[in-house]
There are 2 protein chains.
Amino acid sequence: MMKQTKVQLLLTGNELLNGDIVDSNSAMIARELAETGIEIKRKVTVSDDLSLLAAEISHMSTMADVLIINGGLGPTTDDFTAQALAQAMNVPLAQHEQAYRHLVAWCEQRGTRLNPANLKQALLPAGCDIIANRIGSAVGFNVNHNNCEIYCTPGVPTELKVMLDEQIVPAFTAKTTDKEKTKITKFQIFGLGESKLQQLIHDKLPDWPESVELGFRAGEPLLELKLTTRSRAAETEKAQCITRLKTLLGQHMVAEINDIPKSMAHHVLDKLIEKGQTLTTAESCTGGLIASLLTQIPGSSRGFEAGFVTYSNEMKSQMLAVNPQILSNHGAVSRKTVLAMAKGALDKSGADYAIAVSGVAGPGGGSKEKPVGTVWLAWGNRTNLQCHCFLIPGTRLAFQRYVAAIALDLIRRSLNECDEQANYLIERSFK
Amino acid sequence: MMKQTKVQLLLTGNELLNGDIVDSNSAMIARELAETGIEIKRKVTVSDDLSLLAAEISHMSTMADVLIINGGLGPTTDDFTAQALAQAMNVPLAQHEQAYRHLVAWCEQRGTRLNPANLKQALLPAGCDIIANRIGSAVGFNVNHNNCEIYCTPGVPTELKVMLDEQIVPAFTAKTTDKEKTKITKFQIFGLGESKLQQLIHDKLPDWPESVELGFRAGEPLLELKLTTRSRAAETEKAQCITRLKTLLGQHMVAEINDIPKSMAHHVLDKLIEKGQTLTTAESCTGGLIASLLTQIPGSSRGFEAGFVTYSNEMKSQMLAVNPQILSNHGAVSRKTVLAMAKGALDKSGADYAIAVSGVAGPGGGSKEKPVGTVWLAWGNRTNLQCHCFLIPGTRLAFQRYVAAIALDLIRRSLNECDEQANYLIERSFK
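Being a predicted model, the structure only gives us computed values, none of them experimental.

So, how was this worked out
- Residues numbered from 1 in each chain as written.
- Chains lettered and ligands numbered in written order.
- Predicted model: local features only at pLDDT ≥ 70, side-chain atom pairs only at ≥ 80, totals over all residues.
- Heavy atoms only, no water.
- Axes fitted to C-alpha atoms, helices over the stretch in contact; angles between N-to-C directions.
- Helix = DSSP H or I, 4+ residues; strand = E, 2+ residues; numbered from the N terminus.
- Left-handed = near helix turned anticlockwise from the far one by under 90°.
- Contact = heavy atoms within 4.5 Å.
- Nonpolar A, V, L, I, M, F, W, Y, C, P; charged D, E, K, R; others polar.
- Phe/Tyr/Trp six-rings, centres within 6.5 Å; stacked < 30°, edge-to-face > 60°.
- Buried < 20%, exposed > 50% of the residue type's maximum accessible area, 1.4 Å probe, protein only.
- Salt bridge = Lys/Arg side-chain N within 4 Å of Asp/Glu carboxyl O.
- Buried area = accessible area lost by both parts, 1.4 Å probe.
- Polar contact = N/O pair within 3.5 Å; in protein donor to acceptor, adjacent residues only side chain to side chain.
- Pairing = 2+ DSSP bridges.
- Expected span 1.5 Å × (residues − 1).
- Arc of directions from axis to C-beta.

1. Structural notes on the packing of helix H7 (residues 194-204) of chain B against helix H8 (residues 232-249) of chain B
Residues and elements named next belong to chain B.
Item 1. Look at H7 against H8: their axes get within 11 Å of each other, and the N-to-C directions meet at 115°. Here H7 runs over H8; the crossing is right-handed. Here Leu197, Leu200, Ile201 and Lys204 of H7 lie close against H8, whose contacting residues are Leu245, Leu248 and Leu249.
Item 2. Of the residues belonging to the contact of H7 with H8, the class tally is six nonpolar, no polar and one charged.

2. Considerations on the packing of aromatic side chains
The description of an aromatic ring pair uses the distance of the two centres, along with the angle that the planes make with each other.
Residues and elements named next belong to chain B.
Item 1. Following the criterion strictly, the structure yields eight aromatic pairs over all chains and no others.
Item 2. Both rings, one in Phe190 and one in Tyr402, keep their centres 5.9 Å apart while their planes meet at 40°; by these two values the pair is tilted. Of the two residues, Phe190 sits in the loop between strand E9 (183-189) and H7 while Tyr402 sits in helix H14 (residues 396-415), which places them 212 residues apart along the sequence. Each member of the pair Phe190 and Tyr402 is classed as buried.
Item 3. Each ring, one from Phe390 and one from Tyr424, has its centre 6.2 Å from the other, and the planes form 50°; the classification is tilted.

3. Remarks on the pattern of salt bridges
Item 1. Across all of its chains, the model carries 31 salt bridges over all chains by this definition.
Item 2. Between Glu224 of chain A and Lys186 of chain A there is a salt bridge; the shortest N-O distance is 3.7 Å. Taken together, the positions of Glu224 of chain A in strand E11 (residues 223-229) and Lys186 of chain A in strand E9 (residues 183-189) put the pair 38 residues apart, joining distant regions of the chain. Of the two residues, Glu224 of chain A and Lys186 of chain A, both sit in the buried class.
Item 3. Salt-bridge contacts for Glu39 of chain B lead to Arg230 of chain B; the nearest nitrogen and oxygen are separated by 2.5 Å. You can see Glu39 of chain B sitting in the loop between helix H1 (25-34) and strand E2 (40-46) and its partner Arg230 of chain B sitting in the loop between strand E11 (223-229) and H8, a full 191 residues away along the chain.
Item 4. The partly exposed category is assigned to Arg230 of chain B, whose relative accessible area is 30%.

4. A word on the interface of chain B and chain A
Item 1. Listed as interface residues are 74 residues of chain B and, on the opposing side, 77 residues of chain A.
Item 2. For the chain B and chain A pair, buried surface summed over both sides reaches about 6000 Å², with 54% attributable to carbon and sulfur atoms.
Item 3. The tally of links between chain B and chain A comes to two salt bridges.
Item 4. Inspection of the region where chain B meets chain A yields 35 residue pairs in polar contact (both at pLDDT 80 or more).
Item 5. Here the side of chain B that touches chain A is composed, by residue class, of 28 nonpolar, 28 polar and 18 charged.
Item 6. Of the pairings in the sheet, the one linking strand E2 (residues 40-46) of chain A to E2 of chain B comprises five bridges and is antiparallel in character. By the bridge assignment for E2 of chain B, Val46 of chain A is matched with Arg42 of chain B.

5. With respect to helix H4 (residues 97-109) of chain B
Residue and element names in this part refer to chain B.
Item 1. The end-to-end C-alpha distance of H4, which contains 13 residues, comes to 18 Å, matching closely the 18 Å that a straight helix rising 1.5 Å per residue would cover.
Item 2. Within the span of H4, buried status applies to Ala99, His102, Leu103, Trp106 and Cys107. Around the axis of H4, the buried residues are gathered within 130° of arc, so they sit on the same side. Counted as exposed and oriented over 90 degrees from the buried face of H4: Arg101, Glu108 and Gln109.
Item 3. The secondary structure elements touched by the buried residues of H4 are helix H5 (116-119), strand E5 (123-125) and strand E6 (129-131).
Item 4. One or two steps after H4, the chain reaches Gly111, where phi turns positive at roughly 65°.

Given below as structure tokens:
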């Protein structure tokens, strides 16, 4: 076979072949490399088999300029990457001093002792360089063979992510020549779906220049809009496009992405801290998810102090002083209940802003009047508490995540003192 | 490369390589074939590129006894499978009568007329056999080349599924002899890492039979242990292995996996419902995550009614009646505080069991006395409230997830009235 592609991917793991899991790592790698303008045209997945893996490395290294190997770095007997690479290169395995020190430090930090199985993770092909792993035991490593740059990376997604972000992508970016003037600007969009957004741009900005390539990536829940230019001249055009897009999309454009995309909760928290305000949550059907999303962000205590998970009616009354009469007359999923929950949460916590959520997450519990997916939200501050009923069909988890995202977006819009109406207030309205 | 594997998979599609979608088709194929005892050891994914695809077919057909090709059967210009296969086999494309009739019938059924693009789907490598597609326009096809049986299948998952179920798997089953009786048993493990578990089995069950293959899959947070046998005789040995494993691992073995693996929260909830008990949560550093994990499970209201997210000291006193004196004397991350939080949560909610968590999630807020990763947990019921201090280093999110998992596991152990000590109570202890 000819040398047809520059970057190839080799994945190892029985679990990738026997149907136990779907491979999301290679999608992650592809997306991260796409940022640097690199496309992957071929990938091979093999089982945890030493000779198969070694043969594949030999073969692929003759086809590709760069080979990224993922998986097989663990401490167990079915992890073969280092051994296979050594075999393919015809070099011995040797204890790598830096890898060894990493393992010792890693064990020390966790208060455990280095066991023989872990020690295997320091045995690497002679002559390779280490790729640091800030959060796991398995270091990555990098070596040139057959004129092919080989990167070995861990299969644990969180470790792979950190290694890509901090080590591999920057190394690739440094190598990309200045001739390729690919510039990418990305924005986070919420409340407009991919096709809706595309239609909108098509209809309202019909003279969109060809030199500014439009790309979309559906996200959960934030969609990514990508503008790519490949020349200096196009950059000026892009600046104009961005100005027009901002006017067109208003608050549906949540933020420009610099570096790592922030979550919706992160944007809300930033704004709360900037304004010196605090938020509280009163959650029924989202069951703590909104509070959890907020408290995942470092420094969240500056904008969030208290959350109430009131799953039963009794707890809504007890924890948030919702009048039992309201619950018996209108039900838990009602305008009056969410408003009372929000007021209760503001009173009990002393926070400036509140989100209250009550709905039917399913799969059971729906009725003709209030089918699965019905949800009442209340949001705002003491002087301006609003509420709305939505219908969000889907699985329980998808429902919870989307409701949490809408709730946070509504608070973001309140904090931005924006009057314009979110698209989901029209499209997802119920009753 | 040698003929090392029997069945190989070739997938085509740019979307499989650029990170736009994750490939779930190959997992589907693998699971369906596993039922017939067939394992896939290698798969290759290439972009929609005619020459790349043709070269790959040529190469793989010399390696495998069976090659399943997925994707590239559509009507558009980037669908190349038939053309590539014809090229690899050095035969012409010809209109296949049966495929043509299928297309005509398919269009008739939908009240449309056959267009030139669709007609392309009847142009197949001369000499191939049709695999019927009951629900879509693209027929599959099957041909022998280089002594390799090649099956071309559609990329649309629903069409692939029907074709596998109705045509391909039955054909394979007919060919498979009764000798290959692959049986897999899987367990969820918590509190023992992959290397620790392997070491333990190695040390304590040294006479482990070779016919019972051991496999591990690191999960977050539950690890998967897999026992595979390939003969009737080995099944008896496996039964003995399982009995010995259960004794060895005790409550570290959370459950056998049947069908879809359950989360730790799901196991806790099942047990709560089984015993007619309820749980409440008082969360500081996990900020609602534990409540959220519980309420992700359908029917969670039967075991969970109330959760308290008390992020600040003031809220710990206000919502959970923690004595402010305790907070000022011992700090929020202390034995006395988590015990008071747990008691407060039990009193306020009327639940039977409580989890209380207070720790330093980081990245800021650590001190020499209480470094980032320090966490106090309290758990149990009114008559038996226990507490413990752990050190869980790592990123904020990894810390929160692992703490949530330990907290839920401790409740699971309480509900199971188990006296044995969890490994993490030793390995992750602090102070």
